[in-house]
Every structure is written in structure tokens, then in C-alpha cells.
Amino acid sequence: MADKRSDEERREKADGGHGSIADTDLERRFADLSRTLDKGRRVRQAADKPERTDSSGYALALRIASEFIAGVLVGAALGWGLDEVAGTSPWGLIGFLLLGFAAGVLNVMRAAGKIAGPYDRLDKDNDGGPARHD
Amino acid sequence: MASEAATHSDTVDPIHQFHINNLVDFGQIGHSTFAFTNSALFMAITVMLIVGFMMLSTRGRGLVPGRMQNVTEMFYEFTANMLREAAGSEGMRFFPFVFTLFSFILVANLIGMVPYFFTVTAHIVITGALALLVMAIVVGYGFSKHGFGFLKLFVPDEVPGLILPMIVAIEILSFISRPVSLSIRLFANMLAGHITLKVFAGFIISLSTFGVIGWAGAVLPFLMVVALTALEILVAVLQAYVFAILTCMYLNDALHPSH
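All values reported here derive from a predicted model rather than from experimental measurement. (Residues numbered from 1 in each chain as written. Chains lettered and ligands numbered in written order. Predicted model: local features only at pLDDT ≥ 70, side-chain atom pairs only at ≥ 80, totals over all residues. Heavy atoms only, no water.)

Engineer: Account for the overall build of chain B, with residues named and values stated.
Structural biologist: The secondary structure content of chain B amounts to seven helices and two strands. A compact globule built from 259 residues should have a C-alpha radius of gyration of about 18 Å, whereas chain B, at 23 Å, is more than 25% larger. Seen through its C-alpha atoms, chain B measures out along the principal axes to roughly 70 × 60 × 45 Å. Taking all 259 residues of chain B together, 40% fall into the buried category. The long-range share in chain B, meaning contacts at least 24 apart out of those at least 6 apart in sequence, stands at 64%. (Helix = DSSP H or I, 4+ residues; strand = E, 2+ residues; numbered from the N terminus. Rg over C-alpha atoms; globule rule 2.2 N^0.38 Å. Buried < 20%, exposed > 50% of the residue type's maximum accessible area, 1.4 Å probe, protein only. Contact = heavy atoms within 4.5 Å.)

What follows is the structure, encoded as C-alpha cells:
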């Protein structure tokens, strides 16, 4: 009888005295659970993905192609216009067409995320400046 | 008009669907006529459809949305998420603009798929105006936020002075090409898609004049038209989405200089 009681007391003491252990245990189980859920979510997202990448990949392909073409067209148009105004045909067209090709490649690299956009530069100047507050 | 009548008799003119007709003539401004055209009519129809649908579907203001309200709310959420993902919560100040632009292009593209309807976005005047509006907002907001420092956009750091003029020229060309690619992509997709549809539909009619063998052969272009119609609806939605997401990205560039 006395033995049993002391046993209970001991158990109570263990529960009360080492509450932090029980808490950490609970936290660990929470972390485990969220990890398991995350894994399931990731698997589901991976399963959902092919359908999405199909249409957005098509959109990206169209975008990259048109970015390049636009660069070349704008270069050619500007060069031709300059020739018309200044009478320097065909040098304006040749020069600006080459620059247009370069701009087209730049557009494509930016669209593909290979080069940072030109706006990154503005950030450096405004670092901590008042212009950024809004 | 004479050539139109001639082509009408044996084949379908695939370009005819893009003709702009003056419905109501108001007279002249300068040397150009000022009229209410079929293009304007369909733009008005587009706007009325959007506004009408939005107002009708949200009339109930149900806490638990009904079927119609759900469509509107999903569209709202989709656009809001797209903008928030691309431009952050600061970008939400442009939400009315992006939402209007997206819904206008989407509905204009989709009602263009209805037979005998005019496709507003298959004209570069419309898409060009929309793209220039986007770039005007980007440039205007950029200048108001950064002042003349916005011009540093075209001048990279740490570039040797010798090749700096060339780099600046390339950057400027790259910037100018943005509205061009934005407008040409939408316009060319809609134009090419509708012409392709008309051409294949024309094949059916041409083939069916050859009797029974022609009818059998006409099944092939007919299947093609069915497939193309589905593809065109996909393209209509996709191009509206691409236009909207690029608008969000350009706005993000003006809003958040750091990525």
C-alpha cells in the first residue's frame, strides 16, 4: 500500500518536475506532424505540377520569343527612322539593327532570369534614402 | 467592295472579319472620320458585360457566396494573388488598374470567339494603346518615386566608359521594346488564331463543292476547326493572363527596385 502510494507520488513528481520535458516532447511531435504534412503536401503539389507547367511553359515560350523579336524590330525601326530623318541610309539601319539584336538577347536573358533587371541599380542609390519610404 | 463580293462567291476571305465599319458617323475631325465603329461597339459590349456581370453577381452580397458571386470572387482572388505574388502587397495600389485590364482583355478575347463577333484585341491599335498605358504608368510612377534618378535605369554601374554609350543604347532599346512585345504578342496571337480558324473553315466549304468525295474530305478540316477552336479559347485566356502577369511584373519593377 505504502509502496503503491509512493509510486504514484513519484509519478506525479516526475510529471510536475519535468514538465519541460513533456513540452519539448509535444513540440517534437508537432514538428514531426508538420513535417509529415509538408511531405504529403509536396507530393500533392508535385502531382499537380505537370498540368500547370504545361500552360505556363507555353506562355513563357511565347513571351521569350516575342521579347527577342520586339528587340530586333524596335532596333530596325529606330535605325530606319534615323536614316529617313538624317539621310544616312543604310548606316543607321545597320547599326541600330545590331543594337536591336543585342537588346533582344538582353530581353531574353532578363525574361529567363539570367540577368538582373535594370531596376536593381536604382535600389543601390536609394539605399536608406527617403525615396524608398512609401 | 467589288473584290469582296468576288471572293465571297467561291472562298471565304479570312481577313474580312477584321474590317472596321462605321456604324454611326459623327462627321470629321481633321481629315479622319469620327465614327462609332463596330470595334467601339464590341468594346462597349465587353465593358457592359463585365460591369453587368460583376454587379449582378455581387448584388446579393451573401456572406456565403452563391454560384455567380463565387465566380466573381474567384476572379478577384486570382487577380489579387497574381498581383500580390508579382509586386508584393504594395502593388495592391495598382489592383483596380490590373483587374480592369485583365478582365477587359479576357472578356474581349473570349467574346471574339463567338461566331460573327468582332475581336477587338486582334487590332494592334487596341493592344498598343493598352501596352502604352501600362508603360506610361510604369514610367510616371518611376519618375514620381525616384525623381530623375529613374534615368539611371539606362546607365549600369561599373561599365568602362568606352562601351558605356553602346550599353546605354542597348538598354534604351530594350526598354522601348517592352510595350512593343507586350502589344504584338496579344495582337498577333489573336489575329493569327482567327485567320487560321477562318482558313480551315473555308477549306470545308471549298471541299464540299466537290460532291460526295469532297464531303468525305471535308471531315478532316472540320476536325481541325474543332481542335483549333479549343486551342483558340486556351490562347485567348492564356494571352490575357500573360498580358496581366507582365503588367504586374513591370509594375513591380517600378515599385520595388530591389528584387
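Engineer: For the overall build of chain A, give the residues involved together with the corresponding values.
Structural biologist: If you tally the helices and strands in chain A, you get four helices and zero strands. Mapped from its N terminus to its C terminus, chain A presents α and β elements in the order α-α-α-α. In chain A, which comprises 134 residues, the proportion classed as buried is 20%. A separation of at least 24 residues holds for 43% of the contacts in chain A among residues at least 6 apart in sequence. Roughly 9800 Å² of accessible area belongs to chain A as shown, and the carbon and sulfur atoms make up 60% of that amount. (Areas by Shrake-Rupley, 256 points an atom, 1.4 Å probe, with all protein chains shown as cover.)

Engineer: Explain the pattern of salt bridges to me, and be specific about the residues and the numbers.
Structural biologist: Residue and element names in this part refer to chain A. Tallying each qualifying case throughout the model produces seven salt bridges over all chains. For Asp 25, the salt bridge identified is with Arg 29, shortest N-O distance 3.8 Å. Here the residue Asp 25 and the residue Arg 29 both occupy positions in helix H2 (residues 19-86), the gap between them amounting to four residues, near one helical turn. According to the relative accessible area criterion, Asp 25 is partly exposed, its value standing at 28%. The residue Asp 38 makes a salt bridge to Arg 41 at a minimum N-O spacing of 3.3 Å. Taken together, the residues Asp 38 and Arg 41, both in helix H2 and three residues apart, mark about one turn of the helix. The class of Asp 38 is partly exposed, set by a relative accessible area of 36%. (Salt bridge = Lys/Arg side-chain N within 4 Å of Asp/Glu carboxyl O.)

Engineer: With reference to specific residues and values, describe helix H2 (residues 38-57) of chain B.
Structural biologist: All names here are of chain B. Counted at 1.5 Å a residue, the expected span for H2 with its 20 residues is 28 Å, and the 28 Å between its end C-alpha atoms agrees. Turning to H2, its buried residues number three or more, namely Asn 38, Ser 39, Phe 42, Thr 46, Ile 50, Met 54 and Ser 57. What you see down the axis of H2 is that its buried residues fit within an arc of 145°, all on one side. Opposite its buried face, H2 presents the exposed residues Met 48, Met 55 and Leu 56, each directed more than 90 degrees away. Buried residues along H2 sit in contact with strand S1 (22-29), strand S2 (32-37), helix H3 (67-87), helix H4 (95-111) and helix H5 (124-146). (Expected span 1.5 Å × (residues − 1). Arc of directions from axis to C-beta.)

Engineer: Give me the lowdown on the UniProt feature "transmembrane region" (unreviewed entry) in chain B, citing residues and values where you can.
Structural biologist: UniProt's feature table lists "transmembrane region" (unreviewed entry) at residues 40-58, 94-118, 124-143, 195-216 and 222-251 of chain B, given in the numbering used throughout. Along residues 124-143 of chain B, the helical share is 100% and the strand share 0%, with 27 Å between the first and last C-alpha atoms. (UniProt positions renumbered as here; feature names shortened; annotations may be inferred.)

Engineer: Tell me about the UniProt feature "transmembrane region" (unreviewed entry) in chain A, and please be specific about residues and values.
Structural biologist: Residues and elements named next belong to chain A. Under the feature "transmembrane region" (unreviewed entry), the UniProt entry names residues 60-82 and 88-109. A helix fraction of 100% and a strand fraction of 0% characterise residues 60-82, whose end C-alpha atoms lie 33 Å from each other. Within residues 88-109, the helical portion is 86% and the strand portion 0%, while the C-alpha atoms at the span's ends are 32 Å from each other.

Engineer: Give me the lowdown on the pairing of S1 of chain B, citing residues and values where you can.
Structural biologist: Residue and element names in this part refer to chain B. For S1, the buried fraction is low: zero of the eight residues fall into the buried class. Judged from the six bridges that link them, S1 and S2 form a sheet pairing that is antiparallel. Bridged to Asp 25 within S2 is Ala 35. Between S1 and S2, which pair antiparallel in sequence order, lie two residues; one of them, Gly 30, sits at a positive phi of approximately 65°. (Pairing = 2+ DSSP bridges.)

Engineer: Describe the packing of H2 of chain B against H4 of chain B, with residues and values.
Structural biologist: Residue and element names in this part refer to chain B. Two elements in contact, H2 and H4, have axes separated by 9 Å at closest approach and are oriented at 115°. The two elements H2 and H4 cross, and the hand of that crossing is right-handed. In this structure, H2 uses Phe 42, Met 43, Ile 45, Thr 46, Val 47, Leu 49, Ile 50 and Met 54 to contact H4, whose residues at the interface are Phe 99, Ser 103, Phe 104, Val 107, Ala 108 and Ile 111. Tallied by class, the residues present in the contact of H2 with H4 amount to 12 nonpolar, two polar and no charged. (Axes fitted to C-alpha atoms, helices over the stretch in contact; angles between N-to-C directions. Left-handed = near helix turned anticlockwise from the far one by under 90°. Nonpolar A, V, L, I, M, F, W, Y, C, P; charged D, E, K, R; others polar.)

Engineer: Can you lay out a nonpolar patch on the surface for me, pointing to particular residues and giving the numbers?
Structural biologist: On the surface, Leu 23, Val 24, Phe 26, Ile 29, Phe 34 and Leu 41 of chain B cluster together into a nonpolar patch covering about 560 Å² of accessible area. Here Ile 29 of chain B is to be found in strand S1. (Patch = residues over 30% accessible without salt bridge, like charges linked within 9 Å, V, L, I, M, F, W, Y side chains within 5 Å.)

Engineer: Summarise the side chain of Thr 37 of chain B; cite the residues concerned and give the values.
Structural biologist: All names here are of chain B. In this structure, Thr 37 sits in strand S2. Take Thr 37: its relative accessible area is 14%, and that puts it in the buried class. Not counting chain neighbours up to four residues away, the residues in contact with Thr 37 comprise Ile 20, Asn 21, Asn 22 and Leu 23.

Engineer: If you had to explain H5 of chain B to someone new, which residues and values would you point to?
Structural biologist: For an α-helix, the turn length of 3.6 residues means that residues three or four places apart are oriented alike. Residue and element names in this part refer to chain B. The terminal C-alpha atoms of H5 lie 32 Å apart, and with 23 residues this matches the ideal 33 Å at 1.5 Å per residue to within 8%. Three or more residues of H5 are buried, namely Ile 126, Thr 127, Gly 128, Leu 130, Ala 131, Val 134, Met 135, Val 138, Tyr 141, Gly 142, Lys 145 and His 146. Phi turns positive one or two residues past the end of H5, at Gly 147, with a value near 65°.

Engineer: I'd like to hear about the confidence of the model for chain B, residue by residue, with values.
Structural biologist: When pLDDT is averaged along chain B, the result is 86; 94% of the residues meet or exceed 70. Across the assembled chains, the prediction reports ipTM 0.70 with pTM 0.74. (pLDDT = per-residue confidence, 0-100.)

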